[in-house]
Number of protein chains: 2
Amino acid sequence: MNEKDIVIGIDLGGTTTKFGMYTSEGTCLETWTIPTDTNEAGKQIVPNMCKSILSTLVDKNYTSKQLLGIGIGAPGVVSQEEGTVKNAFNLGWAKTQDIRKTFQQYDLDVPLYLTNDANCAAYGEASVSHASNIVFITLGTGVGGGVVINNSILTGTANSAGEIGHLHSSLNYGFTCTCGNENCLETVASATGIVNVAYVESKTFMEDSKLQKAIENDEEITAKLVFDLVKENDKLACKGVDVITYDLGVACANIANIVNPESVIIGGGVSQAGNILLHKIVSVFEKVAFPLVRQSTDIKLATLGNDAGITGAAQMVIQGEAKYDENF
Amino acid sequence: MNEKDIVIGIDLGGTTTKFGMYTSEGTCLETWTIPTDTNEAGKQIVPNMCKSILSTLVDKNYTSKQLLGIGIGAPGVVSQEEGTVKNAFNLGWAKTQDIRKTFQQYDLDVPLYLTNDANCAAYGEASVSHASNIVFITLGTGVGGGVVINNSILTGTANSAGEIGHLHSSLNYGFTCTCGNENCLETVASATGIVNVAYVESKTFMEDSKLQKAIENDEEITAKLVFDLVKENDKLACKGVDVITYDLGVACANIANIVNPESVIIGGGVSQAGNILLHKIVSVFEKVAFPLVRQSTDIKLATLGNDAGITGAAQMVIQGEAKYDENF
């Protein structure tokens with residue numbers, strides 16, 4: 001190992017913080033996780049991150065001088081320029097956090113590449129797709145997104161590009177979103193949204209359905225249960241999934257009509273439903289997207305799973321992605 | 001004037017071809033138009049263009065050696081790389097046209113910058129806005145669009161980025177679009193679409209309305225008439241315009257949530273309706289766009305009018321925009 005040959009990628013989540021140690025060629029040497037301590041307004045989160053990096057470097061016989069840089073994907077509104085994260089409420093961070101300063105206090109004064117967690121996963125998926133232009137949609141508790149153009153993360157004029165979860169759904173279920181608006185895509189197409197839709201549809205559903213019975217018996221309803229029941233051809237489950245995949249298909253078409261990326265990549269926990277989800281989305285996409293866009297933009301499932309964040313974070317360092325913020 | 005100090009920008013339309021002669025600093029020296037001869041499958045269009053440039057150069061005491069380059073915005077599917085235009089049916093061009101070759105045959109073997117007409121207008125509007133990131137929507141007979149990111153036209157993976165006219169409308173009027181799909185934005189928000197909507201709405205409209213009477217009397221209905229009647233508070237006209245501005249407001253929000261540009265700029269003939277149109281679009285945008293996007297992306301009217309195309313075409317040459325095709 002030469003000097004400056006180690007890269008750290010970090011995926012900062014509300015429950016765990018995931019780390020990857022990579023060579024400057026992107027080979028993964030080690031991954032590990034620590035709990036994310038959201039107590040006391042999350043004031044230990046960044047110090048814990050620093051300590052964990054320092055101790056792992058020692059364990060592996062590296063020094064911080066060998067670090068080419070550290071990449072971090074974080075929830076909330078992230079500023080590469082300022083080295084800060086704000087509005088990351090699920091971390092307990094109501095106030096703006098100066099990440100760069102804390103890293104410097106821990107003698108980790110190396111190039112720091114910060115981006116939003118969904119952007120970071122998008123960058124990871126783009127790098128393994130060997131694609132320079134992709135849009136990533138993550139379907140989890142919420143719906144997030146990231147846009148990669150010319151190998152750079154599109155941040156937008158206020159770090160708010162890729163807000164796919166807040167595309168306006170044409171379904172008009174009237175659910176209020178965490179952002180304060182009504183009928184955002186996230187309110188129907190997230191794991192929570194799928195459950196919301198199932199409850200609403202069950203109220204007027206008259207056919208035989210296991211999902212219907214589970215709702216009537218006050219059992220716990222999850223997105224996974226709904227998709228599992230689709231495999232059994234449960235009619236209410238199918239109806240619910242048709243509703244959300246319609247909306248996702250329209251969203252993919254609208255995104256692809258604007259950006260015409262090589263692919264729209266669908267990840268996040270809900271994407272574990274796999275081809276059931278994908279095929280339904282694609283069938284709507286093919287009806288709705290502009291013909292040339294339909295022929296040239298692929299809709300596909302993500303491949304990195306939980307490693308998308310740390311991969312993207314490391315790739316930001318390797319590809320010198322900090323430049324994006326100066327350009328946009 | 002030094003050598004290579006003259007730039008020609010061309011806006012190729014179905015009725016007229018508009019030319020602008022500029023300095024390499026972008027100062028306009030001359031504009032002129034010639035009819036677009038769509039006879040015989042439009043075979044004279046490019047030769048006429050070349051002859052008109054050559055004769056104007058002579059008139060103004062310039063030589064073709066002084067040309068820094070020629071920019072062209074053309075309808076259809078345009079390839080900068082190949083120097084071709086295809087699918088420009090309103091020019092009579094059913095077959096692919098090798099524009100670059102014809103220019104070379106006329107001894108105009110200078111750098112040629114080709115893009116789609118809506119992209120070209122977008123580039124013109126971006127240049128006068130001094131903005132590096134904008135989305136342009138042109139509301140004319142159809143609805144077109146262009147996306148400018150980091151001062152470059154976003155072409156997409158198959159030259160199909162910015163197909164704003166084919167965003168899926170949530171209105172479900174069921175109009176079939178020229179692209180073959182149903183419910184594209186263009187089917188309701190173009191000049192033709194506004195008239196379509198007025199006819200459909202009039203069928204169930206029961207209140208007193210001049211527009212309603214004009215329709216009943218088989219008078220000619222135009223988008224301009226509808227907007228003129230909105231100024232008189234005609235109820236059917238207001239209803240029609242509310243419908244289309246709702247859809248445009250949602251489209252602007254969805255676009256801005258994905259790209260978060262500095263502004264979404266609305267141009268084309270319909271935009272001459274001015275603030276009546278703009279204010280209604282903005283009021284929907286503000287309800288629907290993600291809060292941070294709403295605060296950071298402006299919705300505004302275009303300022304260049306019919307000169308957007310020639311300005312953008314000249315700016316492509318001045319800013320060396322041919323690079324975009326290699327990058328995307």
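All values reported here derive from a predicted model rather than from experimental measurement.

Trainee: Describe the overall build of chain A, with residues and values.
Mentor: Along the backbone of chain A there are 13 helices and 13 strands. Relative to a compact globule of 328 residues, whose C-alpha radius of gyration would be 20 Å, chain A shows 21 Å and is just as compact. Oriented by its inertia axes, the alpha-carbon framework of chain A measures out at about 65 × 45 × 35 Å. By the burial criterion, 58% of the 328 residues in chain A qualify as buried.

Trainee: Describe the packing of aromatic side chains, and please don't skip the residues or the numbers.
Mentor: All names here are of chain A. This model, assessed by the stated rule, comprises four aromatic pairs over all chains. Arranged with centres 4.9 Å apart and planes meeting at 0 degrees, the rings of phenylalanine 19 and tryptophan 32 form a pair that is stacked. Of this pair, phenylalanine 19 sits in strand S2 (residues 16-23) while tryptophan 32 sits in strand S3 (residues 28-35), placing them 13 residues apart in sequence. What makes phenylalanine 19 buried here is its relative accessible area of 0%.

Trainee: Report on unusual backbone geometry, specifying residues and quantitative values.
Mentor: Excluding glycine, residues mostly carry a negative phi; peptide bonds, for their part, are mostly trans. If you check the backbone angles, Asn183(A) has positive phi at about 65 degrees while not being a glycine. Mapped onto the elements of the fold, Asn183(A) is located in the loop between strand S11 (152-153) and helix H5 (186-189). With relative accessibility at 7%, the residue Asn183(A) sits in the buried group. Non-glycine residue Ala41(B) carries a positive phi angle of around 55 degrees. Inspection of the secondary structure puts Ala41(B) in helix H1 (residues 39-42).

Trainee: Residue-level account of the relation of the copies chain A and chain B, with values.
Mentor: Here chain A sits on chain B after a turn of 180 degrees about the axis and a move of 0.0 Å along it, with an RMSD of 0.0 Å. The superposition of one copy onto the other is thereby described by a two-fold rotation axis. Among all C-alpha atoms of chain A, that of Ser170(A) lies closest to the rotation axis, at 2.6 Å. The overlap is high: 100% of the interface residues of chain A also sit at the interface in chain B, so the same surface is used on both sides.

Trainee: Before we move on, could you go through empty space enclosed by the protein and cite the residues and values that matter?
Mentor: Under the definition given, this model contains two cavities of 30 Å³ or more. Quantified by volume, the largest cavity comes out at close to 200 Å³. Contributing to the lining of the largest cavity are 18 residues, with His168(A), Val250(A), Asn254(A), His168(B) and Asn254(B) lying nearest its centre. Those elements that provide at least two residues to the lining of the largest cavity are helix H9 (235-259) of chain A together with helix H9 (235-259) of chain B. Per-class residue counts for the lining of the largest cavity are eight nonpolar, eight polar and two charged.

Trainee: Talk me through the sheet that holds strand S7 (residues 97-98) of chain B; I want residue IDs and the actual numbers.
Mentor: Pairing between sheet strands relies on hydrogen bonds along the backbone, with the strands arranged either parallel or antiparallel. Residues and elements named next belong to chain B. Here three strands make up an open sheet; going across it, the order is S5-S6-S7 and the pairing antiparallel. The open sheet has two edge strands with one neighbour each: strand S5 (77-79) and S7. By the bridge criterion, two bridges tie strand S6 (residues 84-86) to S7 in an arrangement that is antiparallel. The residue bridging threonine 84 from the neighbouring strand is aspartate 98, located in S7.

Trainee: How would you explain the interface of chain A and chain B if you had to name every residue and give the values?
Mentor: Contacts between chain A and chain B engage 44 residues on the former and 44 residues on the latter. At the boundary of chain A with chain B, total buried surface from both sides reaches about 3,600 Å², with 61% on carbon and sulfur atoms. Area buried by chain A at its contact with chain B is led by His168(A), Ile258(A) and Phe290(A), which between them contribute 19% of it. Across the chain A-chain B interface, the total number found is zero salt bridges. Seen at the junction of chain A and chain B, the total is 24 residue pairs in polar contact (both at pLDDT 80 or more). Looking at the side of chain A that touches chain B element by element, the count peaks at seven residues for H9(A). Its residues assigned to classes, the side of chain A that touches chain B shows 22 nonpolar, 18 polar and four charged.

Trainee: I'd like a rundown of the sheet that holds S3(A), residues and numbers included.
Mentor: All names here are of chain A. Within the open sheet, the five strands sit side by side as S3-S2-S1-S4-S8. Their pairing is mixed. Taken across any chain shown, the strands that pair with only one partner, and hence form the sheet edges, are S3 and strand S8 (112-116). Going from strand to strand, the sheet's axes swing by 15 degrees on average, the running direction of each strand aside. Across seven bridges, the pairing between strand S1 (residues 6-12) and S2 is antiparallel. Looking across to S2, one finds that isoleucine 10 is bridged to phenylalanine 19. The strands touched by helix H4 (residues 117-129) are strand S4 (67-74) and S8; relative to S8, the strand with the most contacts, the crossing angle is about 105 degrees. Packed onto the sheet, helix H12 (residues 308-318) meets S1, S2, S3, S4 and S8 and runs at close to 140 degrees relative to S1.

Trainee: Summarise the side chain of Ser160(B); cite the residues concerned and give the values.
Mentor: Examined against the element boundaries, Ser160(B) turns out to sit in the loop between strand S11 (152-153) and helix H5 (186-189). Judged by its relative accessible area of 1%, Ser160(B) falls in the buried class. Ignoring sequence-local partners within four residues, the contact set of Ser160(B) consists of Asn257(A), Asn260(A), Leu292(A), Val293(A) and Thr155(B).

Trainee: How would you sum up the domain arrangement of chain A? Please name residues and give values.
Mentor: Domain annotation for chain A reports domain 1 (6-110) and domain 2 (132-302). For domain 1 of chain A versus domain 2 of chain A, the distance between C-alpha centres works out to 30 Å.

Trainee: So what's going on with the pairing of S4(A)? Residues and values would help.
Mentor: Residues and elements named next belong to chain A. When you tally the buried positions in S4, you get seven out of eight residues, the bulk of the element. Alignment of S1 against S4, held across six bridges, turns out to be parallel. The residue of S4 that forms the bridge with valine 7 is glycine 69. Of the strand pairs in this sheet, S4 and S8 are connected by five bridges, and their pairing is parallel. Residue pairing in the sheet places glycine 71 in a bridge with tyrosine 113 of S8.

Conventions we followed
Residues numbered from 1 in each chain as written. Chains lettered and ligands numbered in written order. Predicted model: local features only at pLDDT ≥ 70, side-chain atom pairs only at ≥ 80, totals over all residues. Heavy atoms only, no water. Helix = DSSP H or I, 4+ residues; strand = E, 2+ residues; numbered from the N terminus. Rg over C-alpha atoms; globule rule 2.2 N^0.38 Å. Buried < 20%, exposed > 50% of the residue type's maximum accessible area, 1.4 Å probe, protein only. Phe/Tyr/Trp six-rings, centres within 6.5 Å; stacked < 30°, edge-to-face > 60°. Least-squares fit on C-alpha atoms with pLDDT ≥ 70 in both. Contact = heavy atoms within 4.5 Å. 1 Å grid on protein atoms, 1.4 Å probe; cavity = no way out; pocket = protein on both sides within 12 Å on 5 of 7 lines; lining within 4 Å. Points joined across faces, edges and corners; volume = space filled by probe spheres on them. Nonpolar A, V, L, I, M, F, W, Y, C, P; charged D, E, K, R; others polar. Pairing = 2+ DSSP bridges. Buried area = accessible area lost by both parts, 1.4 Å probe. Salt bridge = Lys/Arg side-chain N within 4 Å of Asp/Glu carboxyl O. Polar contact = N/O pair within 3.5 Å; in protein donor to acceptor, adjacent residues only side chain to side chain. Axes fitted to C-alpha atoms, helices over the stretch in contact; angles between N-to-C directions. Domains from an automatic or database assignment.

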